[in-house]
Amino acid sequence: MDAAQLKQLELDKRYIRMAIIWAENSYCHRRKVGALIVKEKMIISDGYNGTPSGFENVCEDENNLTKPYVLHAEANAITKIARSNNSSDGATMYVTAAPCIECAKLIIQAGIKRVIYSEKYRLEDGINLLKRAGIEVLYLEPDKFGTEI
Ligand SMILES: [Zn+2]
């Protein structure tokens with residue numbers, strides 16, 4: 001690894017730690033996921049899993065199942081950009097969990113070029129789709145982040 005790659009890895013670790021902290025905003029109980037979109041060293045969007053704007057802040061139904069209209073963190077971060085003057089084209093996404101296939105489709109269409117994630121999922125179809133689209137995908141193990149925050 002050269003100096004530039006090492007520096008990028010340090011930045012990646014720092015942003016993924018921020019995404020982990022951001023996930024704490026989620027009011028979902030079963031699973032909390034956070035996502036950040038970074039472009040040219042600026043965080044241009046953020047998201048966490050939750051219900052759409054204007055809906056009650058409850059993700060689970062009476063059987064403790066996730067409601068079908070809960071948006072994933074990635075979808076929230078990408079759609080937030082649609083309401084701003086920013087563009088996700090060429091950006092990097094930091095997300096605390098491996099993207100599902102639905103979010104992978106959105107990530108591809110949003111022009112995101114790199115995806116860094118920190119938690120594996122049993123289904124890898126989302127990750128595989130991203131790779132097929134030529135997106136750089138990097139898994140960072142949380143216990144290898146080191147102690148500095
Ligand atoms: Zn998803």
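Our structure is the block above this text.
Quick look at the structure, then. Computed from a prediction, not measured in an experiment: that's the story for all the values here. (Residues numbered from 1 in each chain as written. Predicted model: local features only at pLDDT ≥ 70, side-chain atom pairs only at ≥ 80, totals over all residues. Heavy atoms only, no water.)

**Thoughts on the nonpolar core**
Then, number 1: In this structure, Ile37, Met93, Ile107, Ile112 and Val115 are the most contacted members of the largest nonpolar core, which totals 23 residues.
Then, number 2: Elements represented by at least two residues in this core include exactly strand S1 (34–39), helix H2 (73–82), strand S3 (92–95), helix H3 (101–109), strand S4 (114–117) and helix H4 (125–132).
Then, number 3: The element that contributes the greatest number of residues to this core is H2, accounting for four residues.
Then, number 4: What Met93 contacts, discounting residues up to four positions off in sequence, is Leu36, Ile37, Glu74, Ile78, Ile107, Ile112, Arg114, Val115 and Ile116.
Then, number 5: Membership of the second largest hydrophobic core comes to ten residues, among which are Leu11, Tyr15, Ala19 and Leu36. (Core = buried A, V, L, I, M, F, W, Y, C linked by side-chain atoms within 4.5 Å. Buried < 20%, exposed > 50% of the residue type's maximum accessible area, 1.4 Å probe, protein only. Helix = DSSP H or I, 4+ residues; strand = E, 2+ residues; numbered from the N terminus. Contact = heavy atoms within 4.5 Å.)

**Topic: the coordination of the zinc ion**
Then, number 1: Within the protein, His72 (ND1), Cys100 (SG) and Cys103 (SG) serve as the donor atoms for the zinc ion, at 1.9 to 2.3 Å.
Then, number 2: Counting the intervening residues between successive donors of the zinc ion yields the motif H-x27-C-x2-C. Residue His72 is found in the loop between strand S2 (42–48) and H2, and its partner Cys103 is found in helix H3; the two are separated by 31 residues along the sequence.
Then, number 3: The class of His72 is partly exposed, set by a relative accessible area of 38%.
Then, number 4: When its relative accessible area of 3% is taken as the criterion, Cys103 is described as buried. (Donors = N, O, S within 2.8 Å, 3.2 Å for Na, K, Ca; no water.)

**A closer look at the environment of Val33**
Then, number 1: Locating Val33 in the fold gives a position in the loop between helix H1 (3–23) and S1.
Then, number 2: Assessed through its relative accessible area of 8%, Val33 is described here as buried.
Then, number 3: Once the C-alpha coordinates of Val33 and Glu74 are considered, the two residues, 41 residues apart in sequence, prove to be 8.7 Å apart.
Then, number 4: If near-sequence neighbours (up to four positions away) are discounted, Val33 is found in contact with Ala23, Gly47, Tyr48, Asn49, Ala73, Val95, Thr96 and Ala97.

**A word on H3**
Then, number 1: Among all positions in H3, only Cys103, Ala104 and Ile107 are buried. Around the axis of H3, the buried residues are gathered within 105° of arc, so they sit on the same side.
Then, number 2: Just beyond H3, the residue with positive phi is Gly111, at close to 80°. (Arc of directions from axis to C-beta.)

**Comments concerning the packing of aromatic side chains**
Then, number 1: As enumerated under the stated definition, the model contains three aromatic pairs in all.
Then, number 2: Consider the rings of Tyr15 and Tyr94, whose centres lie 5.1 Å apart with planes at 35°: the pair is tilted. With a gap of 79 residues between them, Tyr15 in helix H1 and Tyr94 in strand S3 connect regions that are remote in the sequence. As far as burial versus exposure is concerned, Tyr15 and Tyr94 are alike and both buried.
Then, number 3: Measuring from centroid to centroid gives 5.2 Å for Phe55 and Tyr69, while their planes differ by 45°, and the two rings are tilted. Placement of Phe55 in the loop between S2 and H2 and of Tyr69 in the loop between S2 and H2 is noted, with a sequence separation of 14 residues between them.
Then, number 4: Positioned over the ring face of Tyr139 is Lys120, at 4.4 Å from the centre of the ring. (Phe/Tyr/Trp six-rings, centres within 6.5 Å; stacked < 30°, edge-to-face > 60°. Lys NZ or Arg CZ within 6 Å of the ring centre and 35° of its normal.)

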